[in-house]
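# Descriptive analysis of the structure
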Amino acid sequence: MRYEPVASSFFCSNRQRLGAQLEPSSIVVLQSNDIYPTNADGVMRFHQNANLYYLSGIDQEDTSLVLFPDAADEKDRAVLYVRETTEKLKIWEGAKLTIAEAKELSGIATVKHTTEFSADLHRLALQAKNIYLESNEHARADLAVQTRNDRLIRECQERFPLHRLERLAPLMAQLRAIKADEEIAMMRKAIEITHAGYERVLKAVKPGIGEWELEAEFSHEFIRQKSRGFAYAPIIASGASSNCLHYVENDKICQDGDLLLMDIGAEWGYWNADLTRTIPVNGKFSERQRAVYDAVLRTFHFANRQLRPGILLKDYNQKVCDFMAEELAALGLLTADEIKDRTPEKDPVRKFFMHGTSHHLGLDVHDVSPFNQALEVGMVFTIEPGIYIADEGFGIRLENDFYIGEDSNIDLCEGVPLEADEIEAAMA
């Protein structure tokens, strides 16, 4: 692997914390992600199931994990199953993890080959009352594609009809919402690599350059620093394209006088960065562009002051929208009457700022989190306000990643040029 993996003690701690949340006489069963097909005999690059990785540290397909804290035999309390290397596999794909390597990475003493999983599952499940299984419960998840964990749910319903099947997702969301020191270190590295990409691109941007060329600059820097690449599909949107929130074509020419919105993050060892900057293609903001930029920046700083322990995200977003309303009015985009008549159901702010201000960040870019729970120390969030003015042909978004601290938030992206003067100086 390219990256230095997290110490096995991190994964051991995660398993212990999960075990403390389980009902008595419970077994947890988790499967790795599939390798998904493209066309003909093509396949997509493998990406591990985040919860399996969080509990085991194993970055490999055909992996299964069984946790049974109350098992009578200590060897059955945590069992990891990995793919066995054959001579043919070694020739075509390369060697997979050995038993010893899997033990070292995961901190799990009992490691077997995947061929033993089915028989062991039958033996161990019959000793338990409850079976915790994973399903994707993210509020915006696309569930059209069946996963190995989906197939396991159906299998357990058929094989163990009198057991009580339990939801693993809420427990994992609770655990993963609070970031350990090891996770912060990995995200800092992902952000450091992303910062280097931005510095490279700031020197390359000029009128006439293609958005795809800037994507290539980011990609070069990320891979040069041993990242596997982008944490998500890169958004490099010049001119009017900056008003499309998830513009990923990156096929336009950057024109003199336009703004360029870049929403980019590098991945490092499965943890992610998520940064956005909006810069002038020619290196200088116009007066109008600067006025809108500064309004977004003031909203960004306001949001940081509000995103504190104890607040609910819905209340936080409302505070940010209220602040943004005043900024939009100052820019001449909203009238006094429109502000006075705002309601949650019909808010004119949403014409210019239509997305949420923050989301959890971690092993997933839009990381899992407990539903409707107040913020706590140790969480990591993005802050990403924006103003999008379709009639004027540009949008501006700014985004950094923040650790929610005891006394104040820690900007994990500190040092990446943010102020308009800093942007212009870096491009000069």
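Overview of the structure. The structure displayed is predicted, hence computed values, not measured ones. Counting of residues starts from 1 at the beginning of each chain's written sequence and follows it residue by residue. Where local features are concerned, this predicted model is filtered to residues with pLDDT of at least 70; where side-chain atom pairs are given and counted, the filter is 80 or more; whole-chain, interface and lining totals use all residues. The side-chain quantities take in all heavy atoms of the structure and omit both hydrogens and water.

As a further point, take the overall build of the protein. A count of helices and strands for the protein gives 13 helices and 16 strands. Against the compact-globule benchmark of 22 Å for 428 residues, the protein has a radius of gyration of 24 Å, which places it among compact chains. Viewed in the frame of its principal axes, the protein has a C-alpha envelope of about 70 × 50 × 40 Å. Classification of the 428 residues of the protein by burial places 52% in the buried group. Whether two residues are in contact is decided by their heavy atoms: any pair within 4.5 Å suffices. Of the contacts made within the protein by residues no fewer than 6 positions apart, 70% connect residues no fewer than 24 positions apart. Strands are runs of DSSP state E lasting at least 2 residues, helices are runs of H or I lasting at least 4, and numbering of each runs from the N terminus. C-alpha atoms define the radius of gyration, and 2.2 Å times the number of residues to the power 0.38 defines the globule rule. Think of it in three bands: residues with accessible area under 20% of the maximum for their type are buried, residues over 50% are exposed, and the middle band is partly exposed, with areas taken using a 1.4 Å probe on protein chains only.

A probe matching the size of a water molecule, rolled over the atoms, marks out where space remains unfilled. Using a grid of 1 Å spacing that covers the protein atoms alone, one calls a set of points a cavity when a 1.4 Å probe fits there but cannot get out, and a pocket when the set is open and has protein on both sides within 12 Å along at least five of seven lines; lining residues are those with an atom within 4 Å of a point. Grid points are joined across faces, edges and corners, and a volume is the space filled by probe spheres set on the points. Looking at the second largest pocket, its volume works out to about 350 Å³. Lining the second largest pocket we find 13 residues, and of these M1, D59, Q60, K96 and R228 sit closest to its centre. Residues are grouped as follows: Ala, Val, Leu, Ile, Met, Phe, Trp, Tyr, Cys and Pro are nonpolar; Asp, Glu, Lys and Arg are charged; every other residue, Gly included, is polar. Along the lines of polarity and charge, the residues of the lining of the second largest pocket split into five nonpolar, one polar and seven charged.

Attention now moves to the sheet that holds strand β5 (residues 130-133). For two strands to be treated as a pair, DSSP must find no fewer than two bridges joining them. Read from one edge to the other, the open sheet built from six strands follows the order β4-β3-β2-β1-β5-β6, with strand pairing classed as mixed. This sheet does not close on itself; its edge strands, each paired only once, are β4 (110-113) and β6 (164-167). Looking at each pair of strands side by side, their axes are set apart by 20° on average, direction ignored. Docked against the sheet, helix α4 (residues 99-106) engages β3 (78-82) and β4, running at close to 140° with respect to β4. Orientation is described by axes fitted as lines to C-alpha atoms, over the contacting stretch for helices, and by angles from 0 to 180 degrees between their N-to-C directions. Across the face of the sheet, helix α5 (residues 117-125) comes into contact with β1 (26-31), β2 (64-67), β3, β4 and β5 while running at roughly 160° to β1.

Here, nonpolar core refers to any group of buried Ala, Val, Leu, Ile, Met, Phe, Trp, Tyr and Cys residues whose side-chain atoms link them within 4.5 Å. One finds L18, L214, L260, M262 and I387 to be the most contacted residues of the largest nonpolar core, which totals 108 residues. Per element, the largest residue contribution to this core is 10 residues, and it comes from helix α8 (residues 181-204). Ranked by size, the runner-up nonpolar core spans 17 residues in total, among them Y81, L121, A128 and C156.

Another point: the side chain of N409. Note that N409 resides in the loop between β15 (400-403) and β16 (410-411). Note on N409: relative accessible area 13%, which makes it buried. Pairs of N or O atoms within 3.5 Å make up the polar contacts considered here, provided that, within protein, one atom can donate a hydrogen while the other can accept it, and that residues adjacent in sequence are counted only when both atoms are side-chain atoms. Of the polar contacts made by the side chain of N409, one reaches the side chain of N304; its length is 2.9 Å. What N409 contacts, discounting residues up to four positions off in sequence, is N304, L307, R308, F402, Y403 and I404.

For the rest of this paragraph, the subject is the sheet that holds strand β11 (residues 275-280). One open sheet accounts for three strands, arranged β7-β8-β11; its pairing is antiparallel. Each edge of the sheet is formed by a strand with only one pairing partner; in this case those strands are β7 (235-238) and β11. If you compare each strand with its neighbour and ignore which way they point, the axes differ by 10° on average. Here α8 sits on the sheet in contact with β8 (259-264) and β11, set at roughly 10° to β11.

Taken N-terminus to C-terminus, the directions of α8 and helix α9 (residues 211-224) make an angle of 140°; their axes are 9 Å apart at the nearest point. Regarding the angle of α8 to α9, the classification is oblique. Crossing angle aside, the handedness with which α8 passes α9 is right-handed. Contacts from I193, T194, A196, G197, Y198, R200, V201 and A204 in α8 reach L214, E217, F218, H220, E221 and F222 in α9. Tallied by class, residues from the contact of α8 with α9 come to eight nonpolar, three polar and three charged. Working definition: roughly parallel below 35 degrees, roughly antiparallel above 145 degrees, roughly perpendicular at 65 to 115 degrees, and oblique for all remaining angles. Crossings are assigned a handedness: left-handed for a near helix turned anticlockwise from the far helix by less than a right angle, right-handed for a clockwise turn.

A few words on the environment of L261. The topology assignment puts L261 in strand β8. Spatially, the C-alpha atom of L261 lies 7.0 Å from that of R397, the residues being 136 residues apart in sequence.

Take the environment of A196 next. Considering the arrangement of structural elements, one finds A196 in helix α8. Taking the C-alpha atoms as reference points, A196 and A295, separated by 99 residues in sequence, lie 26 Å from one another. If near-sequence neighbours (up to four positions away) are discounted, A196 is found in contact with E221 and Q225.

Pairing of aromatic rings covers Phe, Tyr and the six-membered ring of Trp, with a centre-to-centre limit of 6.5 Å; geometry is then stacked below 30 degrees between planes, edge-to-face above 60, and tilted otherwise. For the structure on display, the rule yields 13 aromatic pairs. Seen from their ring centres, F10 and W271 are 5.9 Å apart, and the 65° between their planes marks the pair as edge-to-face. Placement of the pair is F10 in helix α1 (residues 8-19) and W271 in strand β10 (residues 271-272), with a sequence separation of 261 residues. On the accessibility criterion, F10 (3% relative accessible area) is buried. Plain terms: the ring middles of F222 and F230 are 5.3 Å apart, the flat faces sit at 70° to each other, and that makes the pair edge-to-face. Accessibility expressed as a relative area gives 0% for F222, which makes it buried.

This part takes up the packing of helix α10 (residues 287-306) against helix α13 (residues 420-427). Helix packing for two helices is described by the angle between their axes and how far apart those axes are. With their axes 10 Å apart at the nearest point, α10 and α13 run at an angle of 125° to one another. Looking at the two axes, α10 sits oblique to α13. Seen from α10, the contacting residues are R290, Y293 and D294; seen from α13, they are A420, D421, I423 and E424. The residue makeup of the contact of α10 with α13, split by class, is three nonpolar, no polar and four charged.

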